[in-house]
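Analysis of the macromolecular model
Each chain is listed here by its residues.
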Amino acid sequence: MEPMDIVGKIKEDASLPKATMTKIIKEMLPPDVRVARDAQDLLIECCVEFINLISSESNEVCNREDKRTIAPEHVLKALEVLGFGEYIEEVYAAYEQHKLETVDGLRGGKWSNGAEMTEEEAVAEQQRMFAEARARMKGGATTPRQPDNDPNPES
């Protein structure tokens, strides 16, 4: 990440991506509200400070339990200790949703659409995609892929 993409005085400062944070800020406000750049920078710095605070307290909770790895329950306990108990339910729900999405992503593979393919089908699909890409490179038109309704084309 380039230094200009983040908010911070020096390159070593921990920060968050400015474009992403600006998008989040805009999504949280009514469309007719504008936020000055200085206010955006201040909000980003507040987010960084909040993350540092939660991380530090989570580490202390972890250490009190003689653990070496901060676990989600340490973060939830840190929220409680720091007086953010009202957010625990929402944070836990977001964590559970993240776990579901992560498990689904791992189960399906990075590029999977959820359907299993045999090796022959995968090779055929790869060849079709290569042919399509070659045709595009040469400026030719391609025919769109027709969905396979019959899972066993040899029958």
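Procedures and definitions
- Residues numbered from 1 in each chain as written.
- Predicted model: local features only at pLDDT ≥ 70, side-chain atom pairs only at ≥ 80, totals over all residues.
- Heavy atoms only, no water.
- UniProt positions renumbered as here; feature names shortened; annotations may be inferred.
- 1 Å grid on protein atoms, 1.4 Å probe; cavity = no way out; pocket = protein on both sides within 12 Å on 5 of 7 lines; lining within 4 Å.
- Points joined across faces, edges and corners; volume = space filled by probe spheres on them.
- Helix = DSSP H or I, 4+ residues; strand = E, 2+ residues; numbered from the N terminus.
- Patch = residues over 30% accessible without salt bridge, like charges linked within 9 Å, V, L, I, M, F, W, Y side chains within 5 Å.
- Areas by Shrake-Rupley, 256 points an atom, 1.4 Å probe, with all protein chains shown as cover.
- Salt bridge = Lys/Arg side-chain N within 4 Å of Asp/Glu carboxyl O.
- Buried < 20%, exposed > 50% of the residue type's maximum accessible area, 1.4 Å probe, protein only.

The chain is annotated in an unreviewed UniProt entry as Transcription factor CBF/NF-Y/archaeal histone domain-containing protein from Nepenthes gracilis. Reading the Subcellular location (unreviewed entry) entry of the UniProt record for the chain gives the comment "Nucleus".

Taken as a whole, the second largest pocket holds about 380 Å³ of empty space. Phe50, Ile51, Ile54, Ser55, Leu79, Phe84, Tyr87, Glu90 and Val91 are the residues that line the second largest pocket. Among the elements of the structure, helix H2 (37-64) and helix H4 (88-108) are those that each provide at least two residues to the lining of the second largest pocket. For the lining of the second largest pocket, the element with the most residues is H2, which contributes four residues.

What follows covers a nonpolar patch on the surface. On the surface, a cluster of nonpolar side chains totalling about 350 Å² of accessible area is made up of Ile24, Met28, Leu29 and Val33. With respect to the element layout, Ile24 can be found in helix H1 (residues 18-28). Taking the relative accessible area as the measure of exposure, Ile24 reaches 38% and is therefore partly exposed.

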